[in-house]
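Take a look at the letters that make up each chain.
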Amino acid sequence: FSNTDHYKNAIHIVFYVFNACNLMFVLRFCERYWPRREMALWAVTALLILATVAAPHTAMRQVENLSLLYGLFMGTLATVLFVFLAWRRGGRFDQRILAAVGFVSLCASYRDALVVLRVIPVNTYYATYFEQLDVIAVAVVLAWNFVRNQSRIERFNIDLQRNVEEAREELTSSLHRQHELELVHVRLGERVNLAHDLHDGLGGMLIGNITALEQTQRQMPSSQVLDLLRGLRDDLRLIIDTASAQQYGELSMAQLLAPMRHRVTRLFDAHGIELDWDVTGLEKLHLTTAQSLDVLRITQEALTNVLKHSDATHVTVEMEYADDALRMEVSDNGVGMPATPANTFGTGMRSMQQRARRLNAAFSIGSEPGSTVVRLNMPRPSA
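Counting of residues starts from 1 at the beginning of each chain's written sequence and follows it residue by residue. Totals for whole chains, interfaces and linings use every residue, but because this is a predicted model, local features are given only for residues with pLDDT of at least 70 and side-chain atom pairs only at 80 or more, for both listing and counting. Values reported for side chains reflect all heavy atoms of the structure, with hydrogen atoms and water molecules removed beforehand.

Undergrad: An account of the pattern of salt bridges is needed here, citing residue identities and associated values.
TA: Pairs can form between side chains of opposite charge once their charged atoms are near each other. Here, a salt bridge means any side-chain nitrogen of Lys or Arg that lies within 4 Å of a carboxyl oxygen of Asp or Glu. Going through the model one piece at a time under the given rule, you end up with 12 salt bridges. Between arginine 327 and glutamate 329 there is a salt bridge; the shortest N-O distance is 3.8 Å. Under the relative-accessibility criterion, arginine 327 is labelled partly exposed at 27%. A simple rule labels every residue: compare its accessible area, found with a 1.4 Å probe on the protein chains alone, to the largest value its type can have, and call it buried under 20%, exposed over 50%, or partly exposed in between. Among the residues examined, glutamate 329 registers a relative accessible area of 17% and is labelled buried. A single network of salt bridges, built from pairs that share partners, joins Glu318, Glu320, Arg327, Glu329 and Arg375.

Here you go:
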């Protein structure tokens with residue numbers, strides 16, 4: 001510095017900033033945020049700094065007194081505010097330690113101010129010594145906060161581990177219950193599918209054979225009865241063989257259709273009904289076991305309905321696989337279906353609709369006197 005006035009001004013400026021920062025520390029340490037009051041604090045600090053810089057040499061004594069009074073005022077304000085916020089209800093232990101030490105330091109500062117003002121005729125000052133007490137108090141508070149935070153972290157880890165264990169046990173229990181429910185659903189689904197398969201397969205064959213027996217005017221030879229029983233056996237074998245095929249695409253649709261086609265043709269011939277098959281491209285179509293069985297059962301149920309209800313003399317079955325899609329159509333020249341609401345359909349009709357939905361296929365029935373057409377259009381499913 002070029003002279004002592006500049007040196008003193010620098011000390012006063014640092015002193016103003018220190019007192020403002022001290023008050024800001026008290027507010028933040030006690031978790032208080034007062035934006036407007038803080039802006040006013042810094043505005044006053046800035047004005048004091050400007051006044052100090054602009055003061056002439058003759059006013060240096062007044063600047064020193066102003067700095068002293070400002071320091072006492074700000075120190076008193078910060079300490080009283082600190083004690084009030086720390087010792088009120090909800091104050092923390094570390095806040096109260098620093099507030100108590102700050103109050104003792106404030107008393108020492110007042111005593112030193114009286115020495116400066118010549119009220120106390122001595123030349124010893126205590127504030128410098130109490131600064132060491134402030135440092136020790138800050139160190140104690142830091143250590144105490146460190147220990148407290150360490151304990152909180154340990155408790156948090158223990159709680160977290162316990163919560164993780166509880167969550168793991170709950171998840172394991174939930175997964176176990178979900179697994180049990182899935183098993184129950186799978187079993188129920190298998191039972192429903194088996195019931196539909198028995199209805200569409202063995203049920204249709206039994207009805208057809210019973211009808212044949214009822215329409216026979218004479219006693220049926222044992223060889224013919226044996227053929228009927230063999231047909232039932234073959235239909236049961238279709239259910240077992242199709243269900244036992246575990247690998248995807250083990251048999252083509254043409255291979256699965258052939259036994260049923262043979263049996264149904266013989267059954268229709270026994271009833272004097274002409275049955276024509278138009279099969280194209282099925283040797284290229286490989287479906288899953290469930291999908292293959294659904295397609296066969298829809299076809300079989302449609303033919304069974306023709307046999308039971310249509311009084312038809314000619315039936316045509318068209319099955320074509322082309323452009324990655326399967327098209328099936330069963331048409332007859334019978335009496336047609338009665339105009340009944342869809343919700344009054346029998347078990348067989350509902351079973352066909354349900355299987356078509358499972359195949360994501362379009363299913364429709366068109367009927368008028370003299371003609372009934374059952375259609376199924378299924379896009380090629382992904383493997």
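Undergrad: A description of a nonpolar patch on the surface should follow, citing residues and the corresponding values.
TA: For patch building, the residue pool is restricted to those with more than 30% relative accessible area and no salt bridge; the joining distance is 9 Å between like charges and 5 Å between nonpolar side chains (Val, Leu, Ile, Met, Phe, Trp, Tyr). Surface accessibility in these figures is a Shrake-Rupley result with a 1.4 Å probe; residues are shielded only by whichever protein chains are displayed. On the surface, Leu213, Val225, Leu226 and Leu229 cluster together to form a nonpolar patch covering roughly 320 Å² of accessible area. Under the DSSP-based scheme used, a helix requires at least four consecutive residues in state H or I and a strand at least two consecutive residues in state E, with every element numbered from the N terminus. By residue number, the principal contributor to the nonpolar patch is helix H6 (residues 222-244), which donates 3 residues. Checked against the element boundaries, leucine 226 lands in helix H6.

Undergrad: Lay out the packing of aromatic side chains with the relevant residues and their values.
TA: Planes of paired rings set the category: under 30 degrees apart is stacked, over 60 is edge-to-face and the rest tilted, where pairs are Phe, Tyr or Trp rings (Trp by its six-membered ring) whose centres lie within 6.5 Å. For the structure on display, the rule yields 4 aromatic pairs. A ring pair is formed by phenylalanine 25 and phenylalanine 82, whose centres lie 6.4 Å apart and whose planes are at 90 degrees; its orientation type is edge-to-face. Here phenylalanine 25 is found in helix H1 (residues 4-29), whereas its partner phenylalanine 82 is found in helix H3 (residues 60-87), with 57 residues between them in sequence. The buried category is assigned to phenylalanine 82, whose relative accessible area is 6%. The interplanar angle of 90 degrees and the centroid separation of 6.1 Å between the aromatic rings of phenylalanine 29 and phenylalanine 82 together place this pair among those described as edge-to-face. Separated by 53 residues along the polypeptide, phenylalanine 29 in helix H1 and phenylalanine 82 in helix H3 bring together distant segments of the chain. Phenylalanine 82 shares its class with phenylalanine 29; the two are buried. Taken together through their ring pairs, the aromatic side chains of Phe25, Phe29 and Phe82 make up a single cluster.

Everything listed here is a matter of coordinates, which is why it stays silent on function.
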